[in-house]
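Listed here are the chains, written in short residue letters.
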Amino acid sequence: MVNDVIGIEFFLNYFWSYWGNMLYLVIYLGVLLYLGRYGSKLMKQIFVWPFLILLFTVYNPLIMGPVLEVTGWADRYSRFFWILPVEILCAYTFAMLIDRRKNMSSKAVMVCLMICMALMCGGTLIKEIPDENIYKMDDYILEISELIGEEKTTERPIIICDRNVYYQIRQYDASLLMAINNEEMTMYGEKQADELVVEEQYLSQSNAGAMFVRGAEVDAELVNALLVERNADFFVRNIDYYSDEYLQSLNLSYVGEVEGYEIYRCVRE
């Protein structure tokens, strides 16, 4: 059974997100099967055996579930796919197939076929980007950063937010610091607020913070203490999280809102 915190759904989501168009992967696996059956010893050592080793280690949920939980690298898991020499092996195979054609007409047909396959494996070559947003990020991320920038009283404000904002806003505005660290943000994997064990909020401040950013209505005293101890300046609230009554129990002052989020100033008492 896969680890309860980082389960099989986590790995499937990263798999589909990374590969997207499965044709590329099918070609790669097909070439590996061919090399496994007909390839030379050297080609097997370079391409086949490393893939099999990776398949039973870093691509194995039974092993990597606990590893990612301990290391806190869940948000970086897709990088393990980068080490697969997919492009190199496919390019080599295509070049070899073309070179083996005996006449120019068959070579030309093979080249056209390879070009079509390459285009089918990729995404759209032209993507319309609105003039008002050249950063390729959701508009609300830019708006949150702008609103905090207008209201901040320190050069590098500290904010607390959900996972969606956490993984985007620092890419856009590096001046923002996070009250919740990466290990805490990934502590409960893909679990939602209603899947968390309520009593775990009292284990440590890290547990309380990790549960709070997932939308769990953690004991207000714990949250207020966390905001003070970590010098949080702003709280970015996902409007799908927390009741109005719960928010009133927190030391917050309303600042403004953007699509899907409300921004509060943390009041330190």
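See the structure shown above.
First things first, this report covers the structure right here in the doc. (Residues numbered from 1 in each chain as written. Predicted model: local features only at pLDDT ≥ 70, side-chain atom pairs only at ≥ 80, totals over all residues. Heavy atoms only, no water.)

1. Focus: the packing of helix 2 (residues 22–38) against helix 3 (residues 41–55)
Defined as follows: Lines are fitted to the C-alpha atoms to define the axes, a helix being fitted only along its stretch in contact, and any angle between axes, read from their N-to-C directions, falls within 0 to 180 degrees. Secondary structure elements are defined from DSSP: runs of H or I of at least 4 residues count as helices, runs of E of at least 2 residues count as strands, and each element is numbered from the N terminus. An angle counts as roughly parallel when it lies under 35 degrees, as roughly antiparallel when it exceeds 145, as roughly perpendicular when it falls between 65 and 115, and as oblique in every other case. Each crossing gets its handedness from the near helix: less than a right angle anticlockwise from the far helix is left-handed, clockwise is right-handed. When checking whether two residues touch, look at their non-hydrogen atoms; a contact exists if any pair is within 4.5 Å.
The contact between helix 2 and helix 3 brings their axes to 10 Å, and the two run at 125°. The angle between helix 2 and helix 3 falls in the class oblique. Our pair here, helix 2 against helix 3, has a crossing hand that is left-handed. Along the contact surface, helix 2 presents Tyr28, Leu29, Leu32, Leu35 and Gly36, while helix 3 presents Met43, Lys44, Phe47, Val48 and Phe51.

2. Remarks on the state of the cysteines
As used in these notes, a disulfide is a covalent bond between sulfur atoms, one from each of two cysteines. The line we're drawing: Disulfide: a pair of cysteine sulfur atoms within 2.5 Å of each other. Accessible area is worked out with a 1.4 Å probe on protein chains only. A residue is then buried under 20% of its type maximum, exposed over 50%, and partly exposed in between.
Evaluation of the coordinates by the stated rule reveals zero disulfides. The thiol of cysteine 112 is unpaired, and the distance to the nearest cysteine sulfur, on cysteine 116, comes to 6.7 Å. On the basis of relative accessible area, cysteine 112 is assigned to the partly exposed category, the value being 47%. Cysteine cysteine 161 shares no disulfide, and the gap to the nearest cysteine sulfur, in cysteine 266, comes to 11 Å. A relative accessible area of 2% means that cysteine 161 is categorised as buried.

3. Examining the packing of aromatic side chains
Given two aromatic rings, one states the distance between the centres and the angle between the planes to describe the pair. Applicable threshold: Within 6.5 Å between ring centres, the rings of Phe, Tyr and Trp (the latter by its six-membered ring) count as paired, and their orientation is classed by plane angle as stacked under 30 degrees, edge-to-face over 60, tilted in between.
Applying the stated criterion across every chain, the model contains 18 aromatic pairs. The interplanar angle of 40° and the centroid separation of 5.3 Å between the aromatic rings of tyrosine 34 and tyrosine 38 together place this pair among those described as tilted. With a gap of four residues between them, tyrosine 34 and tyrosine 38 both fall in helix 2, about one helical turn apart. Classification of tyrosine 34 by relative accessible area gives partly exposed; the value is 41%. Seen from their ring centres, tyrosine 241 and tyrosine 242 are 5.8 Å apart, and the 85° between their planes marks the pair as edge-to-face.

4. Quick word on the nonpolar core
Generally speaking, soluble globular proteins have nonpolar side chains that are buried together. The test is simple: Among the buried residues, those of types Ala, Val, Leu, Ile, Met, Phe, Trp, Tyr and Cys that are joined through side-chain atoms within 4.5 Å form a nonpolar core.
Residues Ile144, Ile160, Phe212 and Phe235 are the most contacted members of the largest nonpolar core, which totals 45 residues. For this core, the element with the highest residue contribution is helix 7 (residues 139–151), accounting for six residues. With 30 residues, the next largest nonpolar core counts Ile6, Phe10, Leu89 and Cys90 among its residues.

5. Re the pattern of salt bridges
This is how the line gets drawn: The term salt bridge refers to a side-chain nitrogen of Lys or Arg lying within 4 Å of a carboxyl oxygen of Asp or Glu.
In this structure the tally under the stated criterion is four salt bridges. In this structure, arginine 265 and glutamate 151 form a salt bridge, with 3.4 Å as the shortest nitrogen-oxygen distance. Residue arginine 265 is found in strand 5 (residues 261–266), and its partner glutamate 151 is found in helix 7; the two are separated by 114 residues along the sequence. Across the pair arginine 237 and aspartate 244 runs a salt bridge whose closest N-O atoms are separated by 3.9 Å.

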